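# Structural overview for review
One letter stands for each residue in the lines below.
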Amino acid sequence: MRPFRPREMPRPRGLRPETVTDLLQIVKSVLAAGFAWWLAAEVLHSTMPFLAPWVALLTVYPTVFESFRRGAQSTVASWLGVALSFVVGAALGTSVWTLAIALLVALALARIRWIREEGIAIATTVIFVLGAGSAGDVGLLTDRILEVALGALVGIVVNLLLIPPLRDRQAARYVDSVNRRMGEVLISMADEFRTSWETDRAQEWLEETESMSSDLASAWSTVRTAHESRRANPRNRLRSQRSPEDGAVPPEDRSGYEQILARIDEGVSHLRHMARTLREASGAERPWDQKFREEWADLVGDTGQSVADPDADVAPILDRIDALADALTGREGLRSTSWPLYGSLLTSLRHIVVVVDDVATAREAREAGRSRTGAEE
């Protein structure tokens, strides 16, 4: 028998949304740093113009909300570094030992909880300022503070104005991918179960479900980023003001990714249980009821098609599961020891069908990502 291999998703034309986002972040970082350097050198006439572009780079994050949050931390941390450099430079002068003392204090301050993510900026600012030999100059202290604020402001403005990313399509891509892989496993199960299967094949299905669970961690991260990317994002506000005829989807209709992934996680868990049940059953010396074998295989195959296509109507599958269970109840010649196995397989399949129905009900959240063009990412 040929080994199970999930079919790959067709590659979309053009660049992937996440690739476009990464390239855009590179461009925005370069623009922010360059513009901050120009303002510091030409407008402020700074003797240390590198502070502004450095803080600008620290501020350009993948989402607007993160730029505001981390930008504020970078600014405060850099200001603390400037102030610490001034105090140490004015009191002790500039030397290797005073630099060591300043770094010791800076690294301790970097542990402050509300700036810990950017706390290392305190130490790096100390190195910059003390290394320039102007730490004790009162006149230059104000310049350093202005340069830091300028860099943070430029980084935030650039990230705010130059196509701030919305990650809806990336989240939708993960949802579609996991659904498709579940469908592939179910279809493979149906094809194999109609004839026979080996323990190795059941083990492949089990390993595939474990791989799905691993990928769900990345999916959750992307979904959280997609949710954060809409916060403080002017594109999200403009989109919410567009009429439905323009193809816009209100933000509240796109808030169901978390619920969708939670349901898919449950579906993968039930699929793994079903694969494990078949793996254990493959090594047992027991005959299968032919009616159960044929009808259950048809149900699994149809469910696989429904998972890959959330628009499919799954209600008839639930009815067919119940009909199969009723038909087997009290059937002559059916071993009593077979019921735990058949019941487990039917129950797992029923749970998966219910998950498919829930995901299809939340189709607006999925179509919100699909309806976007590549430029919107």
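All of these numbers come straight from a predicted model, not from anything done at the bench. (Residues numbered from 1 in each chain as written. Predicted model: local features only at pLDDT ≥ 70, side-chain atom pairs only at ≥ 80, totals over all residues. Heavy atoms only, no water.)

## Here we look at the overall build of the protein
Of regular secondary structure, the protein possesses 14 helices and zero strands. Counting only residues that meet the buried cut, the protein has 46% of its 377 residues in that class. Within the protein, contacts between residues at least 6 apart in sequence are counted, and of these 84% link residues at least 24 apart. When the accessible area of the protein is evaluated, it comes to approximately 18,400 Å², of which 58% is carbon and sulfur surface. (Helix = DSSP H or I, 4+ residues; strand = E, 2+ residues; numbered from the N terminus. Buried < 20%, exposed > 50% of the residue type's maximum accessible area, 1.4 Å probe, protein only. Contact = heavy atoms within 4.5 Å. Areas by Shrake-Rupley, 256 points an atom, 1.4 Å probe, with all protein chains shown as cover.)

## As for the nonpolar core
Here is a general trend for soluble globular proteins: nonpolar side chains tend to be buried in one another's company. Judged by nonpolar contacts, the single largest core of 45 residues is most densely connected at Met182, Met189, Ile264, Leu271, Met274, Phe292 and Trp296. If you list the elements that add at least two residues to this core, you get helix H7 (168–193), helix H8 (199–229), helix H10 (257–282), helix H11 (290–308), helix H12 (315–328) and helix H13 (338–361). No other element matches the 10 residues that H13 contributes to this core. Every residue in contact with Met182, bar those within four places of it in the chain, is listed here: Met212, Ile264, Gly267, Val268, Leu271, Val307 and Ile352. Membership of the second largest hydrophobic core comes to 19 residues, among which are Trp54, Ala121, Val126 and Val148. (Core = buried A, V, L, I, M, F, W, Y, C linked by side-chain atoms within 4.5 Å.)

## Some thoughts on helix H2 (residues 51–59)
Burial runs high along H2: seven of the nine residues are buried. Among all positions of H2, only Leu51, Ala52, Pro53, Trp54, Val55, Ala56 and Thr59 are buried.

## Considering the packing of helix H3 (residues 64–92) against helix H5 (residues 120–132)
It is the contact of H3 with H5, at a shortest axis distance of 7 Å, that shows an interaxial angle of 45 degrees. Classified by the interaxial angle, the pair formed by H3 and H5 is oblique. Once H3 is placed against H5, the crossing between them reads as right-handed. Counted together, Ala77, Ser78, Leu80, Gly81, Val82, Leu84, Ser85 and Gly89 of H3 and Ala121, Ile122, Thr125, Val126, Val129 and Leu130 of H5 form the full contact between these two elements. (Axes fitted to C-alpha atoms, helices over the stretch in contact; angles between N-to-C directions. Parallel < 35°, antiparallel > 145°, perpendicular 65-115°, else oblique. Left-handed = near helix turned anticlockwise from the far one by under 90°.)

## Re a nonpolar patch on the surface
Together, Val27, Leu31, Leu153, Val157, Leu161 and Leu162 give the surface a local cluster of nonpolar side chains, amounting to about 520 Å² of exposed area. Taken together, the elements giving at least two residues each to the nonpolar patch come down to helix H1 (17–43) and helix H6 (138–161). Mapping Leu153 onto the fold places it in helix H6. Of the residues examined, Leu153 reaches a relative accessible area of 54% and is grouped as exposed. (Patch = residues over 30% accessible without salt bridge, like charges linked within 9 Å, V, L, I, M, F, W, Y side chains within 5 Å. Salt bridge = Lys/Arg side-chain N within 4 Å of Asp/Glu carboxyl O.)

## Brief notes about the confidence of the model for the protein
Averaged over all residues, the pLDDT of the protein is 75; the fraction at 70 or higher stands at 70%. Helix H14 (residues 363–370) is the least confidently modelled element of the protein, averaging 49 in pLDDT, while helix H4 (residues 96–109) averages 90, the highest of any element. For residues 1–14, every residue scores under 50 in pLDDT, and the model assigns this stretch 20 contacts once sequence neighbours within four places are set aside. Ignoring residues within four places in sequence, the model shows residues 368–377, a span with pLDDT below 50, making 34 contacts including any to other chains. (pLDDT = per-residue confidence, 0-100.)

## Side note on the side chain of Ser78
Its location among the elements puts Ser78 in helix H3. With residues up to four places along the chain from it excluded, the contact list for Ser78 reads Trp54, Val55, Ala121, Thr125 and Val148.

## Brief notes about unusual backbone geometry
Leaving glycine aside, a negative phi is the common case for residues, and trans is the common case for peptide bonds. Its identity is not glycine, yet His45 carries a phi of approximately 55 degrees, on the positive side. Note on placement: His45 falls in the loop between H1 and H2.

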